[in-house]
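# Close look at the chain arrangement
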Amino acid sequence: AEPLTPRELEVLALLRGPLSIKEIALQLYISYATAKRHTINIYAKLGVNQRWQAVAKAEELNILPPR
């Protein structure tokens, strides 16, 4: 599997919270389209289709620490 980039890891960590993609983009000073592209790349690399699946898979793989 292809590893996540540092920016994808930042986006993934923020996906764990209640922020929308638009809010994540604003927090990271990137465009909405760029934030959306990062989430699509994260989902593809983790083999999932939804943000909560991505967070759960990342925790399972020790990419994110468990809550």
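Keep in mind it's a predicted model, so treat the numbers as computed, not measured. (Residues numbered from 1 in each chain as written. Predicted model: local features only at pLDDT ≥ 70, side-chain atom pairs only at ≥ 80, totals over all residues. Heavy atoms only, no water.)

## So, the overall build of the protein
Summing up its helical and strand segments, the protein has four helices and zero strands in all. Its C-alpha radius of gyration of 11 Å places the protein within 12% of the 11 Å reference for a compact globule of 67 residues. Projecting the C-alpha coordinates of the protein onto the three principal axes gives extents of approximately 30 × 25 × 20 Å. Looking at the protein residue by residue over its 67 residues, the buried ones come to 37%. Contacts in the protein between residues at least 24 apart in sequence constitute 51% of all its contacts with a sequence separation of at least 6. Charged side chains in the protein number 9 positive and 6 negative. The centres of these two groups are separated by 5 Å. (Helix = DSSP H or I, 4+ residues; strand = E, 2+ residues; numbered from the N terminus. Rg over C-alpha atoms; globule rule 2.2 N^0.38 Å. Buried < 20%, exposed > 50% of the residue type's maximum accessible area, 1.4 Å probe, protein only. Contact = heavy atoms within 4.5 Å. Lys, Arg positive; Asp, Glu negative; His and termini not counted. Charge placed at Lys NZ, Arg CZ, Asp CG, Glu CD.)

## Comments concerning the nonpolar core
Judged by nonpolar contacts, the single largest core of 19 residues is most densely connected at Leu-12, Leu-15, Ile-42 and Ala-54. Only α1 (6–15), α2 (21–28), α3 (32–46) and α4 (51–60) provide two or more residues apiece to this core. If near-sequence neighbours (up to four positions away) are discounted, Ile-42 is found in contact with Leu-4, Glu-8, Val-11, Leu-12, Leu-15 and Ala-54. (Core = buried A, V, L, I, M, F, W, Y, C linked by side-chain atoms within 4.5 Å.)

## Notes on the side chain of Glu-8
Structurally, the position occupied by Glu-8 is in helix α1. Classification of Glu-8 as buried rests on a relative accessible area of 3%. Every residue in contact with Glu-8, bar those within four places of it in the chain, is listed here: Pro-3, His-38, Asn-41, Ile-42 and Lys-45.

## Quick word on α2
Inspection of α2 places Ile-21, Ile-24, Ala-25 and Leu-28 among the buried residues, and these make up the whole buried set. Taken around the axis of α2, the buried residues stretch over an arc of 100°, which confines them to a single face. What points out from α2, more than 90 degrees from its buried face, is the exposed set Lys-22 and Leu-26. Taken together, the buried residues of α2 touch α1, α3 and α4. Positive phi shows up at Tyr-29, right after α2, with a value of about 60°. (Arc of directions from axis to C-beta.)

## Focus on the packing of aromatic side chains
Under the definition given, this model contains zero aromatic pairs. The ring of Trp-52 has Arg-51 sitting right over it, with the charged end atom 5.2 Å from the ring centre. (Phe/Tyr/Trp six-rings, centres within 6.5 Å; stacked < 30°, edge-to-face > 60°. Lys NZ or Arg CZ within 6 Å of the ring centre and 35° of its normal.)

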